[in-house]
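Geometric and topological summary
Okay, here's what each chain looks like letter by letter:
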Amino acid sequence: MPVIVVANPKGGVGKSTLATNLAGALAHRGHAVMLGDVDRQQSSRQWLALRPAHLPIIQGWDVKEDGLVRPPKGTTHVVLDTPAGLHDKRLDEVMKIADRVIVPLQPSLFDIQATHAFIAELLAHRHSARVKVGVVGMRVRDHTLAVDQLRHYLDTLKVPALGFLRDTQNYVQLAARGLTLWDVAPSRVERDLPQWESILKWTDE
């Protein structure tokens, strides 16, 4: 059961957008997906509550009588959304169970600086040898200086750049209804779906 963690200590970089749509893509492929929060805001749980029942099922944590949380029985894929400020003990707990960590990154100097230190922390972690790490550019606007700087920065990293997701209201509008790119007519999101191909290929490797 692969556990894919979406993490960045910087807030507002698109972690929940990436996590919910990744879960949606896996569910659309027929996997039994659990989307869980490691986040006090419980953003993903709130999103799941909005999700229409007729769509491919994405489950949340199974809360037992003893208060412990576990993936529901039969789960084949786990996607975890994490809080800002993920470091130290909380990061240790996540790295113990992670198979892959996807780091969303916006084309901003402050985001790049925070992410640079976080990736170094991931690569230096004692569990790093078995955990694959990749970066996804978020809210990208082509032909801008900020994006050029982001691409240059990613070329210097020791981890792969998995892809770039464009800056679009599609994600905002779909999230408000508990939906993902894979839950609407392909013609509505025809510019967005191809940007996910390399990301999903990496999660399947």
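Now for a look at the structure at hand. (Residues numbered from 1 in each chain as written. Predicted model: local features only at pLDDT ≥ 70, side-chain atom pairs only at ≥ 80, totals over all residues. Heavy atoms only, no water.)

1. With respect to the overall build of the protein chain
In plain terms, the rule: Here a helix means four or more residues in a row that DSSP labels H or I, a strand means two or more in a row labelled E, and each is numbered from the N terminus. We compute the radius of gyration over the C-alpha atoms and compare it with the globule rule, which gives 2.2 Å times the number of residues raised to the power 0.38. Three exposure classes are used, based on accessible area relative to the maximum for each residue type with a 1.4 Å probe and protein chains only: buried under 20%, partly exposed in between, and exposed over 50%. Positive: Lys, Arg. Negative: Asp, Glu. His and the chain ends are not part of the count. The atoms used to mark charge sites are NZ of Lys, CZ of Arg, CG of Asp and CD of Glu.
When helices and strands are tallied, the protein chain shows seven helices and nine strands. The globule rule puts the C-alpha radius of gyration for 205 residues at 17 Å, and the 16 Å found for the protein chain is close to it. The principal-axis extent of the C-alpha atoms belonging to the protein chain is close to 50 × 45 × 30 Å. By residue count, 47% of the 205 residues in the protein chain fall in the buried class. Distance between charge centroids for the protein chain: 2 Å, based on 25 positive and 22 negative side chains.

2. Focus on the layout of surface pockets
Keep this limit in mind: Lining residues are defined by having an atom within 4 Å of a point belonging to a cavity or pocket. Those points lie on a 1 Å grid over the protein atoms alone, cavities being sets where a 1.4 Å probe fits but cannot get out and pockets being open sets with protein on both sides within 12 Å along at least five of seven lines. Grid points are joined across faces, edges and corners, and a volume is the space filled by probe spheres set on the points. Charged residues are taken to be Asp, Glu, Lys and Arg, nonpolar residues to be Ala, Val, Leu, Ile, Met, Phe, Trp, Tyr, Cys and Pro, and polar residues to be all remaining types, Gly included.
If you add up the space inside the largest pocket, you get close to 520 Å³. Along the wall of the largest pocket there are 28 residues; nearest its centre are Gly14, Lys15, Ser16, Thr17 and Arg139. When contributions to the lining of the largest pocket are tallied by element, the ones reaching two or more residues are helix H1 (15-28), helix H2 (43-50), strand E8 (132-140) and helix H6 (169-175). Here the lining of the largest pocket is composed, by residue class, of nine nonpolar, 13 polar and six charged.

3. Examining the pattern of salt bridges
Quick note on the threshold: For this document, the term salt bridge refers to a Lys or Arg side-chain nitrogen within 4 Å of an Asp or Glu carboxyl oxygen.
One pass over the full model with this rule turns up six salt bridges. Among the ionic pairs, arginine 51 bridges to aspartate 183, the shortest N-O distance being 2.8 Å. Remark: aspartate 183 occurs in the loop between H6 and helix H7 (197-204) and arginine 51 occurs in the loop between H2 and strand E3 (58-59); sequence separation between them is 132 residues. Judged on exposure class, the residue arginine 51 and its partner aspartate 183 are both buried. Notably, a salt bridge pairs aspartate 167 with arginine 141, separated by 2.8 Å at the nearest N-O pair. Highlighted residues: aspartate 167 in the loop between strand E9 (161-166) and H6 and arginine 141 in the loop between E8 and helix H5 (145-155), separated in sequence by 26 residues. We classify arginine 141 as exposed; its relative accessible area is 54%.

4. Remarks on the packing of helix H3 (residues 88-97) against helix H4 (residues 109-124)
Where we set the bar: The angle between two axes is taken between their N-to-C directions and runs from 0 to 180 degrees, where each axis is a line fitted to C-alpha atoms and a helix contributes only its stretch in contact. For classification purposes, angles smaller than 35 degrees are called roughly parallel, those larger than 145 roughly antiparallel, those between 65 and 115 roughly perpendicular, and all remaining angles oblique. Handedness of a helix crossing follows the sense of rotation of the near helix relative to the far helix, less than a right angle counterclockwise being left-handed and clockwise being right-handed. Contacts are assigned to residue pairs that have any heavy atoms within 4.5 Å of one another.
In the contact formed by H3 and H4, the axes pass within 12 Å of each other and the chain directions differ by 55 degrees. When the axes of H3 and H4 are compared, the pair comes out oblique. Relative to H4, H3 is oriented so that their crossing is right-handed. Contact with H3, carried on its side by Asp88, Leu91 and Met95, involves Phe118, Glu121 and Leu122 of H4 and no other residues of that element. Residues of the contact of H3 with H4, tallied by class, amount to four nonpolar, no polar and two charged.

5. So, the packing of aromatic side chains
Working definition: an aromatic ring pair is given by the centre-to-centre distance plus the angle between the planes. Spelled out, the test is: Planes of paired rings set the category: under 30 degrees apart is stacked, over 60 is edge-to-face and the rest tilted, where pairs are Phe, Tyr or Trp rings (Trp by its six-membered ring) whose centres lie within 6.5 Å. Any Lys NZ or Arg CZ found within 6 Å of a ring centre and within 35 degrees of that ring's normal is scored as a charge over the ring.
Tallied over the entire structure, the rule returns one aromatic pair. For the ring pair tryptophan 182 and tryptophan 196, a centre distance of 5.4 Å and an interplane angle of 85 degrees mean the geometry is edge-to-face. Here tryptophan 196 lies in the loop between H6 and H7 and tryptophan 182 lies in the loop between H6 and H7, a separation of 14 residues in the sequence. Of the two residues, tryptophan 182 and tryptophan 196, both sit in the buried class. The ring of tryptophan 202 carries the charged tip of arginine 100 above its face, separated from the ring centre by 5.0 Å. For arginine 151, the ring lying beneath its charged end belongs to phenylalanine 164, and the centroid distance is 4.1 Å.

6. Some details on the environment of proline 71
For proline 71, the position within the fold is in the loop between strand E5 (69-70) and strand E6 (77-81). Taking the C-alpha atoms as reference, proline 71 lies 40 Å from aspartate 148; in sequence the two are 77 residues apart. Not counting residues within four places of it along the chain, the set of residues in contact with proline 71 comprises Met1, Met34, Trp61, Asp62 and Val78.

7. As for the side chain of aspartate 183
Filter applied, for reference: N or O atoms closer than or at 3.5 Å make up a polar contact, with two conditions inside protein: a donor-capable atom paired with an acceptor-capable one, and, for residues adjacent in sequence, both atoms drawn from side chains.
Relative accessible area serves as the criterion here: at 17%, aspartate 183 is assigned to the buried category. A distance of 2.8 Å separates polar atoms of two side chains, one belonging to aspartate 183 and the other to arginine 51. Polar contacts involving the side chain of aspartate 183 include one to the main-chain amide nitrogen of threonine 180, which spans 2.8 Å. Contact partners of aspartate 183, with chain neighbours within four places excluded, come to Arg51, Leu55 and Pro56.

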